[in-house]
Structure formats: C-alpha cells, structure tokens
Amino acid sequence: MKINHLTSAEENLMRLLWKLGSFYLKEIMEQHPDPKPHQNTVSTYLKILIEKGYLSTQKEGRIFRYQTVVPFEEYRKFLLTELAENFFNGSGKEILGFMIGEHMVSPEDLKEFNIDINPVERKEPEFDYVNEILNPKKDKKKKKKKKKE
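Residues numbered from 1 in each chain as written. Predicted model: local features only at pLDDT ≥ 70, side-chain atom pairs only at ≥ 80, totals over all residues. Heavy atoms only, no water.

Q: Mind laying out the overall build of the protein, listing which residues take part and the relevant values?
A: Looking only at helices and strands, the protein features eight helices and three strands. Counting from the amino terminus, helix and strand elements in the protein follow one another as α-β-α-α-β-β-α-α-α-α-α. For the protein, the proportion of its 149 residues judged to be buried stands at 26%. Considering only intrachain contacts with a sequence separation of at least 6, the fraction spanning at least 24 residues in the protein is 51%. Working note: accessible area of the protein is about 11400 Å², and carbon and sulfur atoms make up 53% of it. (Helix = DSSP H or I, 4+ residues; strand = E, 2+ residues; numbered from the N terminus. Buried < 20%, exposed > 50% of the residue type's maximum accessible area, 1.4 Å probe, protein only. Contact = heavy atoms within 4.5 Å. Areas by Shrake-Rupley, 256 points an atom, 1.4 Å probe, with all protein chains shown as cover.)

As structure tokens, this is what we get:
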C-alpha cells in the first residue's frame, strides 16, 4: 500500500477520522473540537483525503458515507520509517540511541518491553553515545583515591 504525505491540517483531521472509522459529514462536524471549521472546508479536505487514498466513499441516497482506508498504525509506521531514513541513516538503533540520549526513553522503559540492555560495550559506532548513557565511565580520580586507601 502506497502512503502519501499529509499536511498538518490533513493529519489533524485524520486523527478524528481514525477514531470514527466510518462516518458521515454530519458526524465529523459534531465530533470536531471547537473552533469548528466550516462544512465546506471539511468537504474539501475529505475530497483531498480521498484523492490521497486515505478515505473511500459509498453513496447512500443523497449523502456519502466515508470510510478510512489507511489504518493509523500504517501511517505511524510510514512516518517512523521516513524519519529513520531522513535523519537516522535508516537505523532504528540510532533512533533508540537518540531517544535515550534525549531522555525520551529510559533503560527502565526498555525493560518494560523485555528488552535486555547488555552492559557489554558494543563496537558499532552508532552505539558510542548509547554506551556512554547506559554504561557511564567512572571518574578516574575516585578510583585512584580508593587505591591509595
């Protein structure tokens, strides 16, 4: 399935549409948080999202029922893959290392997912900063003081 880029406005609307799954324009207007956009604006966005392959329609009498086509999880995977390719050399390891370095993920968070953090130094260069975070080097002066005692 080819996924197309969304503008931030389209993405914001899709967040609501993913929650609804299948819906009529009236339901979107009722569920949209304030300030509510004009109905014509929403209709225009729906047409764009259909063209981009995110929605499908089914005519029911004089109105249309809309259905999301691209699942939220697929869109999230698409965005993360693009992020990895454009900013982290396509490496999930680099993303994880960055997130640990920025304190967005802690070693304790990784344990919740049964990810074993092996304290053994890794030789790959992309692990250098991860190793420093997970295995900080002890202060050499403290070691020398302990040896003298």
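Q: So, the packing of helix 1 (residues 8-20) against helix 3 (residues 39-51): which residues are in play, and what are the values?
A: Where helix 1 contacts helix 3, the two axes come as close as 11 Å, and the packing angle between them is 90 degrees. Between helix 1 and helix 3, the crossing angle belongs to the class labelled roughly perpendicular. Contact residues: Ala9, Glu10, Leu13, Met14 and Leu17 in helix 1; Tyr45, Leu46, Ile48 and Leu49 in helix 3. By residue class, the composition of the contact of helix 1 with helix 3 is eight nonpolar, no polar and one charged. (Axes fitted to C-alpha atoms, helices over the stretch in contact; angles between N-to-C directions. Parallel < 35°, antiparallel > 145°, perpendicular 65-115°, else oblique. Nonpolar A, V, L, I, M, F, W, Y, C, P; charged D, E, K, R; others polar.)

Q: Break down a nonpolar patch on the surface for me, with residues and values.
A: The grouping of Leu80, Leu83 and Phe87 at the surface amounts to a nonpolar patch, some 310 Å² of accessible area in total. Relative to the assigned elements, Leu80 resides in helix 4 (residues 72-87). On the basis of relative accessibility, which here comes to 47%, the residue Leu80 falls in the partly exposed class. (Patch = residues over 30% accessible without salt bridge, like charges linked within 9 Å, V, L, I, M, F, W, Y side chains within 5 Å. Salt bridge = Lys/Arg side-chain N within 4 Å of Asp/Glu carboxyl O.)

Q: I'd like a rundown of the nonpolar core, residues and numbers included.
A: Within the largest apolar cluster, 20 residues are counted, with the highest numbers of intra-cluster contacts made by Leu17, Leu46 and Tyr54. For this core, the element with the highest residue contribution is helix 1, accounting for five residues. (Core = buried A, V, L, I, M, F, W, Y, C linked by side-chain atoms within 4.5 Å.)

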